[in-house]
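# Summary of structural features
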Amino acid sequence: MPQAPPRYPAAPPPASGTDHRRVVLVGGGLVGLTLALDLARHGVAVTLLDEEDSVATGSRAICFAKRTLEIYARLGLGPRMLEKGVTWQTGRVFHGAREAFHFDLLPEAGHEYPAFVNLQQYHVEEWLVEACQAAGVELRWRHRVAGLAPEAAGVTLAVETPQGPYTLRADWLLACDGARSAIRRALGLPFQGQVFQDRFLIADVVIRGEVGFPAERWFWFDPPFHPGQSVLLHKQPDDLWRIDFQLGWDADPEAEQQPARVAARVRAMLGPDVPFELEWVSLYTFRCRRLDRFVHGRVVFAGDSAHQVSPFGARGGNGGVQDADNLAWKLAAVLNGSAGPGLLDSYEAERIAAAEENILHAMRATDFITPKSDHARAYRDAVLDLAADHAFARALVNSGRLSRPAVLAESPLNSADQGGWAGGAPAGAAAPDAPVLCEGQPDWLLRHLGGDFGLLLFDAPDFPTPPGLRPVHVAAEARPGALWDHSGLAAARFGAMPGGAVLLRPDQHIAARLAMPDPVAVRAALERARGGGGLVP
Amino acid sequence: MSLDTTPRLADADAAFALLMEAHRGLDPAASRALDARLVLILANHVGDLAVLRQALALARNGLAGEDGPGLSAAR
Ligand SMILES: Cc1cc2nc3c(=O)[nH]c(=O)nc-3n(C[C@H](O)[C@H](O)[C@H](O)COP(=O)(O)OP(=O)(O)OC[C@H]3O[C@@H](n4cnc5c(N)ncnc54)[C@H](O)[C@@H]3O)c2cc1C
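- As annotated in an unreviewed UniProt entry, chain B carries the name DUF2783 domain-containing protein and comes from Falsiroseomonas selenitidurans.

- Looking at an unreviewed UniProt entry, chain A carries the name FAD-dependent oxidoreductase, with the source organism given as Falsiroseomonas selenitidurans.
- Under the heading Cofactor (unreviewed entry), UniProt records this for chain A: "FAD".

### Some remarks on the interface of chain A and chain B
- At the interface, ten residues of chain A touch eight residues of chain B.
- Buried area between chain A and chain B, both sides added, is near 830 Å², and the carbon and sulfur share of it is 76%.
- Area buried by chain A at its contact with chain B is led by Tyr-379, Leu-386 and Phe-392 of chain A, which between them contribute 51% of it.
- For the interface between chain A and chain B, the tally reads one salt bridge.
- Here Asp-385 of chain A makes a salt bridge to Arg-37 of chain B, at a shortest N to O gap of 2.8 Å.
- Between the two partners, chain A and chain B, sit one residue pair in polar contact (both at pLDDT 80 or more).
- If you tally residues by element for the side of chain A that touches chain B, the top one is helix H10 (residues 374-387) of chain A, at eight residues.
- By residue class, the composition of the side of chain A that touches chain B is seven nonpolar, one polar and two charged.

### Here's the deal with the UniProt feature "domain: FAD-binding" (unreviewed entry) in chain A
- In the numbering adopted here, UniProt assigns the feature "domain: FAD-binding" (unreviewed entry) to residues 22-358 of chain A.
- Taken end to end, residues 22-358 of chain A comprises 30% helix and 33% strand; its first and last C-alpha atoms sit 32 Å apart.

### What about the site of the ligand?
All names here are of chain A.
- Inspection of the region around the ligand gives 32 residues, with Asp-50, Gln-121, Asp-304, Gly-317 and Asn-318 positioned closest.
- For the ligand, a nitrogen atom lies 3.1 Å from a polar atom in the backbone of Glu-51.
- One of the backbone N or O atoms of Val-145 is found 3.0 Å from a nitrogen atom in the ligand.
- Elements with a minimum of two residues in the shell around the ligand: helix H1 (30-41), strand E2 (47-50), strand E9 (144-151) and helix H8 (315-335).

### Describing helix H2 (residues 28-46) of chain B
- Across its 19 residues, H2 of chain B extends 27 Å between first and last C-alpha, which sits within 8% of the 27 Å expected from 1.5 Å per residue.
- Just downstream of H2 of chain B, Gly-47 of chain B is the residue with a positive phi angle, here 65°.

### A word on helix H3 (residues 49-60) of chain B
All names here are of chain B.
- In this model, H3 (twelve residues) spans 16 Å end to end at C-alpha, consistent with the 16 Å of a helix rising 1.5 Å per residue.
- In this structure Asp-48 caps H3, since a side-chain oxygen of it lies 2.8 Å from the backbone nitrogen of Ala-50.
- Of the residues flanking the end of H3, it is Gly-62, one or two places downstream, whose phi is positive at about 85°.

### Quick word on the packing of aromatic side chains
All names here are of chain A.
- This structure, assessed with the given rule, holds 22 aromatic pairs over all chains.
- Taking the centre distance of 5.8 Å and the plane angle of 70° together, the rings of Trp-218 and Trp-220 count as edge-to-face.
- Owing to a relative accessible area of 13%, Trp-218 belongs among the buried residues under this scheme.
- With a centroid separation of 6.4 Å and an interplanar angle of 55°, the aromatic rings of Phe-294 and Tyr-347 are classed as tilted. One end of the pair, Phe-294, is in the loop between strand E18 (287-290) and strand E19 (295-296); the other, Tyr-347, is in helix H9 (residues 343-369), and 53 residues separate them in sequence. A single burial state applies to Phe-294 and to Tyr-347, both of which are buried.
- Taken together, the ring pairs in this structure connect Phe-196, Phe-200, Phe-219, Phe-221, Tyr-284, Phe-286, Phe-312 and Phe-368 into an aromatic cluster.
- We note Arg-184 situated over the ring of Phe-191; from NZ or CZ to the ring centre the distance is 3.6 Å.
- Between the NZ or CZ atom of Arg-199 and the centre of the ring of Trp-249, over which it lies, the distance is 4.5 Å.

### Looking at the environment of Ala-10 of chain A
Residue and element names in this part refer to chain A.
- Summarising the element assignment, Ala-10 is placed in the segment before strand E1 (18-26).
- Given the relative accessible area of 33%, Ala-10 is considered partly exposed.
- With 290 residues separating them in the primary sequence, Ala-10 and Val-300 have C-alpha atoms 25 Å apart.
- Among residues more than four places away in sequence, those in contact with Ala-10 are Trp-141 and Arg-142.

Analysis parameters
- Residues numbered from 1 in each chain as written.
- Chains lettered and ligands numbered in written order.
- Predicted model: local features only at pLDDT ≥ 70, side-chain atom pairs only at ≥ 80, totals over all residues.
- Heavy atoms only, no water.
- UniProt positions renumbered as here; feature names shortened; annotations may be inferred.
- Contact = heavy atoms within 4.5 Å.
- Buried area = accessible area lost by both parts, 1.4 Å probe.
- Salt bridge = Lys/Arg side-chain N within 4 Å of Asp/Glu carboxyl O.
- Polar contact = N/O pair within 3.5 Å; in protein donor to acceptor, adjacent residues only side chain to side chain.
- Helix = DSSP H or I, 4+ residues; strand = E, 2+ residues; numbered from the N terminus.
- Nonpolar A, V, L, I, M, F, W, Y, C, P; charged D, E, K, R; others polar.
- Near = heavy atom within 4 Å.
- Expected span 1.5 Å × (residues − 1).
- Phe/Tyr/Trp six-rings, centres within 6.5 Å; stacked < 30°, edge-to-face > 60°.
- Buried < 20%, exposed > 50% of the residue type's maximum accessible area, 1.4 Å probe, protein only.
- Lys NZ or Arg CZ within 6 Å of the ring centre and 35° of its normal.

Here it is in structure tokens:
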């Protein structure tokens, strides 16, 4: 890291040796901090335990996808990420010495957030800690969960701190303790999947001044400077470049991390005249696996503790942040009584489907990048050979299908479309953004959605919404009290006709589309989106 | 659409000869590369995953080896 990582003060254990909290979250990593912040903003008191006293060390997640940025915008961190992060949307794929093709991840304009920004995970975590502190999350650094006993209405945790152990009772336990989750192991839950027989070297390299690479994702298959393997290059803030070198299964993990050896690889890539400093080196192998269930009584898993994917496609962190986005409002609703505990079943249904999708894409990308047999390599190389000249083959090149927001198409919370919809984002999709004018000022639609349930009304007359449902009016003409869809993009992206309404969940996902909304249908859709068994006031 | 296995080549001998001719002078690795390219080009021409799946099942039929899990799992 360019500057020393922040150190947070270790919290003393409770004097009595025992303690009770309604919601305990274990793991102050990317996902745990995001979930804690979201819960706090929904008014839920959270106690967060982390065995460390700092943020992530070294190079981990760097590619933050559009949907993740929109989630962080809802949580108040979007502008900061955009300002600090390196915005990019072009990917280039090279085969041998030449460019095979390039792609544009966000070809259309009219979105507040770009396809991706690159940003070190430790920066994001530091800002999340600040935001959690400001939102009143109780942070207990250097508290390690060493054991647990599940009970009917909660969990008892054995916690260790530098000043001694204590017992903590939790009504709800949120397990965000990462890929090696101690909670998962204590419950004896199988975490199975595939290990890939390959090793990758990560180097974070500081290059000051002019660099011959633009802010794009560059992926090489079999480049002259690293024959027979692949290489990935990304620009990060702070003059930092991230390079991933594929090494193969037979590589010697010790020898490969020697600075002189890594520097030689980097020099071969950059050329002899580019001065650089190595800031971080690590070696990884990866796996794709998940838990069978994410909700186990009063224990709920999110992030890497629940699922793990290979990094190509940036689906680990981005997937975990979407877990948090999905879980926070649901747990808050269960705790404040506006929904029954059944609502959490939908967290599991929606996020298992999303994890499956992420695992499928990650596996396919890994199979392409790391062919497991001679025939697989022959097909892979045939695709790359054909790709330079033929569009059909470009579609087959898989250097990682970059994280896209999950469409919760099969969600039990969705209602069937009412009336006709001319395409547009379907039920289950995250709401698309669009430029609007708010009282004459340029603004973005998504800034007006989320946090609570919303009813987006397109050129609709005043509509009586039930309590807990916030109307958001969008109009094709300037009109007081309505966002002006001056470009028509909002209506087009939702496929909305005048008079139509879209029910949005607190996580900005679409729950229902009603071409001719009436109060009864809206109430029914809202009831369903709250898990059906809710006590709607 | 489903896989058409009726005889469709007007001059079957010429078609077979074309395939043989294409491989002439290639070493085994280059031959394999040619086959892979050809399969990809023809798969795109077919343009239908269901037909491709049937063709693969037919091609795999009777070959020794484990069951083709990929074929059913890919559904
Ligand atoms: C090399 C690499 C590159 C990656 N690149 C990307 C990328 O570009 N984009 C992307 O989206 N994702 C990427 N990822 C994945 C991403 O880093 C992870 O998915 C993400 O960190 C998961 O967050 P998490 O909060 O679930 O787990 P973690 O970040 O691992 O956090 C777990 C936390 O739990 C704490 N903890 C663990 N056990 C205990 C215990 N017993 N008691 C108390 N606390 C405990 C740990 O101290 C830690 O703070 C990458 C990962 C790697 C390794």
